[in-house]
Amino acid sequence: MSIEKRSIDFIPESERYGKPGSLFFIWFGANMNITTIASGVLPVVIGLNLFWSALAIILGSLLGAIFMASHSAQGPKLGIPQMIQSRAQFGVIGAILPLLFVMLIYLGFFVSNTLLAAQALETVSPLGSNANIFVIGALCFVVALYGYRLIHRLQKLLSILSLLVFIAATLLALSLPIPAVQWAATDFSLAKFLMAVSIAVTWQLSYAPYVADYSRYLPSKTPMSQVFWYSYAGTVSGGAWMMILGAILSVAIPDFANNVGGHVAGLFGPVALLLFAFIVYGQVSINVFNLYGAFMSTITVIEPFARLRVTPRVRGVFMLIISLVATALCTISQGDFINFFLNFIFFMSYFLIPWTAINLVDFYWLRKGEYRIDDIFDMNGIYGRVNWIACASFIVAILVEIPFMNTTLYVGPLATQLEGIDLAWVVGLVVPALSYYWLMRLGKQVSRVGELS
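Residues numbered from 1 in each chain as written. Predicted model: local features only at pLDDT ≥ 70, side-chain atom pairs only at ≥ 80, totals over all residues. Heavy atoms only, no water.

A. The packing of helix α7 (residues 129-146) against helix α12 (residues 272-302), seen in detail. Where α7 contacts α12, the axes come no closer than 8 Å and their chain directions differ by 60 degrees. Relative to α12, the element α7 lies oblique. Between α7 and α12 lies a crossing of right-handed hand. Along the contact surface, α7 presents Ile-136, Leu-139, Cys-140, Phe-141, Val-143 and Ala-144, while α12 presents Val-280, Val-284, Asn-287, Val-288, Leu-291 and Tyr-292. Residues belonging to the contact of α7 with α12 are distributed by class as follows: eleven nonpolar, one polar and no charged. (Axes fitted to C-alpha atoms, helices over the stretch in contact; angles between N-to-C directions. Helix = DSSP H or I, 4+ residues; strand = E, 2+ residues; numbered from the N terminus. Parallel < 35°, antiparallel > 145°, perpendicular 65-115°, else oblique. Left-handed = near helix turned anticlockwise from the far one by under 90°. Contact = heavy atoms within 4.5 Å. Nonpolar A, V, L, I, M, F, W, Y, C, P; charged D, E, K, R; others polar.)

Here it is in structure tokens:
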């Protein structure tokens with residue numbers, strides 16, 4: 001096992017390996033953690049019973065994973081990380097705009113995952129809260145440093161262990177006393193239901209900025225349909241299962257949201273200590289995605305201005321700095337976790353969805369997967385420094401979303417008129433998709449650029 005040598009550069013065919021089936025384990029395992037379980041608490045927190053919560057989670061997962069898996073299918077075709085591919089839409093410099101928001105999302109998830117793990121450890125660890133946070137941060141740094149191959153191996157093992165652990169946890173959860181009315185199709189609220197659907201959609205979309213990072217080493221002739229369906233099946237099955245489990249436990253266990261990991265481990269009684277180790281493993285595994293993605297994004301931002309040769313030492317320095325910043329944020333973010341997490345989920349959706357709309361429209365409808373990879377790394381290439389159409393479509397979409405937003409921090413006027421229904425994610429999908437597509441066609445800026453080099 002050696003430190004990964006590649007970063008944002010193209011993966012040549014001679015270094016491609018693996019089969020698309022590995023993506024099922026990657027994305028199933030990525031959802032097998034207490035952060036996904038905590039996400040399942042949110043529909044109950046906003047006022048839905050278990051019947052409507054489960055239905056919203058399933059519907060949102062099925063819908064959101066379409067976009068997530070469509071990004072995954074880009075990996076073998078292009079052979080580059082997800083966010084650097086945004087240069088083909090936004091321009092080499094313009095791509096920094098969505099990258100800045102995506103880096104905030106990486107940091108937000110790192111904080112969420114680490115705080116949940118540290119919170120769970122407090123009951124069994126002799127260390128203090130901050131010390132637990134630093135231990136978890138150090139573990140994440142080591143795995144992210146070694147990179148792609150180690151991440152795949154850990155996720156496969158996590159998937160197998162998770163299947164055993166969470167089958168048992170689900171059976172134990174279903175044995176807990178739950179009022180029958182929780183499973184009845186009563187007290188329906190369209191506003192709350194759509195809000196819960198958007199939570200599940202956003203959860204799946206949260207993988208979009210880095211999903212192709214884990215398929216880019218597959219041989220270029222790998223069928224895109226197989227990449228799509230293995231990614232889709234893994235993330236839907238793992239995500240929906242864990243979120244529904246979280247909803248059940250939040251109803252069955254008082255104050256479940258105050259210590260999600262501790263309560264999950266507590267289900268297992270005398271072997272709870274082993275569960276704490278498993279919980280940390282799961283949180284470290286998913287946090288590695290955020291550090292790995294943050295590293296890729298940082299290099300993508302710097303690379304146009306300073307040509308970097310990313311040696312293992314350079315990789316280690318950048319990873320260490322990012323790890324320290326993210327870990328430091330964890331130590332100052334300990335408070336009302338669920339309220340923070342609910343607002344963070346919606347914050348993500350308002351920026352992620354316009355980006356994903358532009359990226360997928362460009363790949364599947366405008367350029368049909370045909371890109372000049374060399375020009376993605378060249379400010380004077382065909383994609384230019386800034387594509388003002390993409391940047392304007394992205395910014396306008398965010399502005400148009402504002403009146404439709406409904407969070408605990410801000411409720412837009414149109415959301416108020418719609419009795420609390422948050423349609424910002426729908427607006428954020430449709431507006432940039434249509435504006436980018438038609439303006440690019442009108443400006444005749446898209447041309448067939450031949451096969452990948």
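So that's the structure; there's more coming.
B. Molecular detail of empty space enclosed by the protein. This structure, assessed with the given rule, holds five cavities of 30 Å³ or more. The computed volume of the largest cavity comes to approximately 50 Å³. Thr-35, Phe-109, Asn-113, Trp-203, Ser-206, Tyr-207, Tyr-210, Ile-286 and Asn-290 together form the lining of the largest cavity. Of all the secondary structure elements, the ones that give two or more residues to the lining of the largest cavity are α6 (96-121) and α12. Residues that form the lining of the largest cavity fall into these classes: five nonpolar, four polar and no charged. In this structure, the second largest cavity occupies an estimated 50 Å³ of space. Residue lining of the second largest cavity: Met-32, Asn-33, Ile-34, Phe-166, Val-264, Phe-278, Ile-279, Gly-282 and Gln-283, and that is the complete set. A per-element tally of the lining of the second largest cavity places α12 first, with four residues. Of the residues contributing to the lining of the second largest cavity, the split by class is six nonpolar, three polar and no charged. (1 Å grid on protein atoms, 1.4 Å probe; cavity = no way out; pocket = protein on both sides within 12 Å on 5 of 7 lines; lining within 4 Å. Points joined across faces, edges and corners; volume = space filled by probe spheres on them.)

C. Focus on a nonpolar patch on the surface. A cluster of nonpolar side chains, Ile-395, Leu-399, Ile-402, Leu-409 and Tyr-410, forms an exposed patch at the surface whose accessible area comes to about 480 Å². Of note, Ile-402 is situated in the loop between α16 (388-401) and α17 (413-417). (Patch = residues over 30% accessible without salt bridge, like charges linked within 9 Å, V, L, I, M, F, W, Y side chains within 5 Å. Areas by Shrake-Rupley, 256 points an atom, 1.4 Å probe, with all protein chains shown as cover. Salt bridge = Lys/Arg side-chain N within 4 Å of Asp/Glu carboxyl O.)

D. Focus on unusual backbone geometry. A positive phi is found at Asp-187, a non-glycine position, where the angle reads about 55 degrees. With respect to the helices, strands and loops of the structure, Asp-187 is situated in the loop between α8 (148-174) and α9 (190-205). For Asp-187, a relative accessible area of 68% translates into the label exposed. A positive phi angle, near 50 degrees, is found at Lys-368, a position not held by glycine. Position of Lys-368 relative to the elements: it lies in the loop between α14 (337-366) and α15 (373-376). When its relative accessible area of 43% is taken as the criterion, Lys-368 is described as partly exposed. (Buried < 20%, exposed > 50% of the residue type's maximum accessible area, 1.4 Å probe, protein only.)

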